[in-house]
Amino acid sequence: MQFDSQNIIVTGGTRGIGAGITESFLKAGATVIATYSGNDEAAKSFKVKMANFGEKLVLKKFNVASTSEVEAFFQDYEKNFSSLEVLVNNAGIRRDQIIPSMQESDWDAVIDINLKGTYNMTRFAVLAMMKNRYGRIINMSSVGGKLGLPGQANYAASKAGQIALSLSVSKEVAKRNITVNNVCPGFIETELLADLPEEQVKEYKSQVPMKRFGKVEDVAHAVLFFASRESSYITGTTLDVSGGL
Ligand code: NAP
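Below is a short write-up of the structure.

About the thresholds
- Residues numbered from 1 in each chain as written.
- Predicted model: local features only at pLDDT ≥ 70, side-chain atom pairs only at ≥ 80, totals over all residues.
- Heavy atoms only, no water.
- Axes fitted to C-alpha atoms, helices over the stretch in contact; angles between N-to-C directions.
- Helix = DSSP H or I, 4+ residues; strand = E, 2+ residues; numbered from the N terminus.
- Parallel < 35°, antiparallel > 145°, perpendicular 65-115°, else oblique.
- Left-handed = near helix turned anticlockwise from the far one by under 90°.
- Contact = heavy atoms within 4.5 Å.
- Nonpolar A, V, L, I, M, F, W, Y, C, P; charged D, E, K, R; others polar.

### Some words on the packing of helix α4 (residues 104–132) against helix α6 (residues 153–173)
Point 1. Across the interface, α4 lies against α6 with an axial gap of 8 Å and an inter-helix angle of 15°. Here α4 lies roughly parallel to α6, going by the angle between them. As for the relative orientation of α4 and α6, their crossing is right-handed in sense. Mapping the contact onto sequence places Asp106, Trp107, Val110, Ile111, Asn114, Leu115, Thr118, Tyr119, Thr122 and Val126 in α4 and Ala153, Asn154, Tyr155, Ala157, Ser158, Lys159, Gly161, Gln162, Leu165, Val169 and Val173 in α6.
Point 2. Per-class residue counts for the contact of α4 with α6 are 12 nonpolar, 7 polar and 2 charged.

As structure tokens, then:
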């Protein structure tokens with residue numbers, strides 16, 4: 001899977017799963033625009049870690065939930081890059097709470113970043129991809145969007161929403177040679193799960209048939225598969241990377 005001369009946007013591409021995806025694309029020859037929203041320190045240290053790739057890694061800071069910030073990002077993108085081959089909608093957050101205690105702000109933040117963020121980025125990316133009649137969009141959903149873990153009504157709804165959005169958009173853009181697919185990770189070792197109590201981690205691990213959490217590289221591999229030129233007849237589908245969960 002080679003991505004030489006391809007331009008790839010990875011939202012939330014400076015930490016966790018997104019950083020793993022960015023690194024895999026860089027190793028496969030791509031230019032990667034990795035975005036983030038607030039953690040400058042993590043972005044800076046990721047850039048230092050990836051120094052070998054020089055100008056092939058570009059960092060951009062904006063909030064995917066803000067339509068005006070996303071629009072400004074794409075206006076700037078078009079001035080600097082002649083094409084967009086791949087978009088990975090990976091930015092996402094969790095704000096878990098059982099439903100009676102779930103505050104409106106927790107509901108809104110998760111839906112805005114995970115689902116509206118995917119809509120915002122996809123909308124502008126499709127316009128850029130249609131010009132070249134080629135594109136690959138990969139949305140980072142979650143098995144949580146299919147299983148519905150307790151305490152995750154907002155998260156599960158946002159992740160199921162991403163799958164539904166992908167199904168619909170995949171049908172709209174298929175004729176233009178643009179594919180839209182989902183990756184559904186199970187439990188992957190990143191900071192997103194850092195707040196889970198030890199007992200809950202044990203409990204979750206016992207539910208995974210492989211009895212361990214996955215690594216960011218496991219998810220990156222699935223993303224590169226969908227993003228490859230060879231995956232030209234695969235669209236509107238979902239691949240679980242979950243150790244059998
Ligand atoms: P993470 O380590 O918490 O990293 C999240 C990334 O998203 C960071 O780069 C963060 O930027 C960025 N981000 C957050 N809010 C944003 C916003 N409003 N605008 C732009 N970027 C924003 O998370 P992760 O575990 O790698 O998860 C990545 C994706 O995989 C998420 O969509 C998550 O739902 C999904 N997923 C994860 C797991 C898992 O077990 N880890 C399982 C299933 C699905 P900053 O660095 O600036 O904060």
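More follows now that the structure is in view.
### Some words on the environment of Phe226
Point 1. Tracing the backbone shows Phe226 in helix α8 (residues 216–227).
Point 2. Separated by 61 residues in sequence, Phe226 and Leu165 place their C-alpha atoms 17 Å apart.
Point 3. Setting aside its immediate chain neighbours within four residues, Phe226 contacts Arg136, Ile138, Thr179, Asn181, Asn182, Val183, Ser231, Ile234, Thr237 and Leu239.

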